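# An overview of the molecular structure
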Amino acid sequence: MVTIVPYSHVLILAASLFVLGAGCAIARRNLIMILIGVEIMLNAAGLACIGAAMRWQQLDGQAFVIFIMAVAASEVGVGLSLIVYSQRRTGTLDADRYDLMKG
Amino acid sequence: MNIYAVIFYVLGAVILGATALAITRRNLMHAIVYLVFSFIGTALLFYLLGAPFLAVLEVVIYAGAIMVLFLFIVMMLKSEPDHLTLGLRLRQWLPALALSGISLIVMTVFVLQAAGGSGPLPLVMASPLEFGRFLFQKYWLGVEIASFLLFVALVGALYLGRADGKTGS
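Conventions adopted
- Residues numbered from 1 in each chain as written.
- Chains lettered and ligands numbered in written order.
- Predicted model: local features only at pLDDT ≥ 70, side-chain atom pairs only at ≥ 80, totals over all residues.
- Heavy atoms only, no water.
- Phe/Tyr/Trp six-rings, centres within 6.5 Å; stacked < 30°, edge-to-face > 60°.
- Helix = DSSP H or I, 4+ residues; strand = E, 2+ residues; numbered from the N terminus.
- Buried < 20%, exposed > 50% of the residue type's maximum accessible area, 1.4 Å probe, protein only.
- pLDDT = per-residue confidence, 0-100.
- Arc of directions from axis to C-beta.
- Contact = heavy atoms within 4.5 Å.
- Buried area = accessible area lost by both parts, 1.4 Å probe.
- Salt bridge = Lys/Arg side-chain N within 4 Å of Asp/Glu carboxyl O.
- Nonpolar A, V, L, I, M, F, W, Y, C, P; charged D, E, K, R; others polar.
- Pairing = 2+ DSSP bridges.
- Axes fitted to C-alpha atoms, helices over the stretch in contact; angles between N-to-C directions.
- Parallel < 35°, antiparallel > 145°, perpendicular 65-115°, else oblique.
- Left-handed = near helix turned anticlockwise from the far one by under 90°.

A separate point is the packing of aromatic side chains. Counting across every chain of the model gives 9 aromatic pairs over all chains. Their ring planes at 85° and their centres at 6.2 Å tell us that F64(A) and F67(A) sit as a pair that is edge-to-face. On the criterion of helical spacing, the pair formed by F64(A) and F67(A) is a turn pair, its members being 3 residues apart in helix α3 (residues 60-90). When its relative accessible area of 16% is taken as the criterion, F67(A) is described as buried. Pairing F67(A) with Y139(B) gives two aromatic rings, centres 6.1 Å apart and planes at 75°, and the pair type is edge-to-face. Placement of the pair is F67(A) in helix α3 and Y139(B) in the loop between α5 (128-138) and α6 (140-160), with the two residues belonging to separate chains.

Should the pLDDT be low somewhere, the predicted coordinates at that spot are not to be read in detail. When pLDDT is averaged across chain A, the result is 88; 98% of the residues are at 70 or more. Within chain A, strand β1 (residues 3-6) of chain A has the poorest average pLDDT of any element, 79, and helix α2 (residues 31-55) of chain A the best, 92.

Of the positions making up α5(B), those classed as buried are F131(B), F134(B) and L135(B). Projected down its long axis, α5(B) carries its buried residues within an arc of 100°, all on one side. Exposed and oriented more than 90 degrees from the buried face of α5(B) are L129(B), R133(B), F136(B) and Q137(B). As for α5(B), its buried residues are in contact with α3 of chain A together with α3 (52-76) and α6 of chain B.

Between chain A and chain B, the residue contacts involve 71 residues of the former and 82 residues of the latter. Between chain A and chain B lies a buried interface of about 7,100 Å² when both sides are counted; carbon and sulfur atoms form 76% of it. For the interface between chain A and chain B, the tally reads 1 salt bridge. For K138(B), the salt bridge is made with D60(A), and the minimal N-O distance between the two is 2.9 Å. Looking at the side of chain A that touches chain B, the elements that each hand over two or more residues are β1, α1 (7-27), α2 and α3 of chain A. Ranked by residues supplied to the side of chain A that touches chain B, first place goes to α3(A) with 25 residues. Residue composition of the side of chain A that touches chain B, grouped by class: 47 nonpolar, 16 polar and 8 charged. Examined bridge by bridge, β1(A) and strand β1 (residues 120-122) of chain B share 2 bridges and lie antiparallel to one another. In the strand pairing of β1(B), P6(A) is matched with P120(B).

On to the packing of α1(A) against helix α4 (residues 86-113) of chain B. Relative orientation of the contacting elements α1(A) and α4(B) amounts to 165°, with a least axis distance of 9 Å. Considering the angle they form, α1(A) stands roughly antiparallel to α4(B). Crossing angle aside, the handedness with which α1(A) passes α4(B) is right-handed. Judged by residue contacts, S8(A), L11(A), I12(A), A15(A), S16(A), V19(A), G23(A), I26(A) and A27(A) of α1(A) engage Q92(B), W93(B), A96(B), S100(B), L104(B), M107(B), T108(B), V111(B) and L112(B) from α4(B). Within the contact of α1(A) with α4(B), the residues separate by chemical class into 12 nonpolar, 6 polar and no charged.

What follows is the structure, given as structure tokens:
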């Protein structure tokens, strides 16, 4: 039987991608880059799901990727319109400058 | 190590490199184009892992729709240069790097120790027909809920994006 790689290697690749996305969401200050970090994390989760579907030969993992994609698409739509809205109100995209409630 | 394993590792390296370049770019435009590379590599990986339909969806939705939406927003909004000194930038990145590194090491150790992770992946392919039948037989309610979620997101985006955005309560 032809095999590809152990499942753990897929999981490690997905974990590295997830950590890259999380680091982007933590460290960057631009709102658009924070949203991109969330996108990378969702993509990594989908990769882990597809690897699991292949490991156990069940299609449930692939079905979940459909839902992950739906959530990612709606999240991006609402998130980007929120970004445009707050940029209109405050004139900046820098997350550190949203300090209206500072005493 | 057969040809599929080589393809897997090369694609993995390309994806990780493109993502690492994307999250460190100062210019948003460059970041998004690197990310398109990363998503197309992921789509190829999906194909290799036996999900051809999801590979097509990945190209259409992630690399196509979502990234083009990001591009349009970046073009629409005035980008501002950041005035961070090197010290401030390091103070921003060091905690993130430390936390990410620690979690990555813990995850790697855990994955390598855990049972069930060591099984090799067989080379099989789920045809789109089979996948569609499965999805609509077992998860039809989830599909309906996902469509409703997309509808709500559409309404929310329309509401937030009105031309007179300041009149929202």
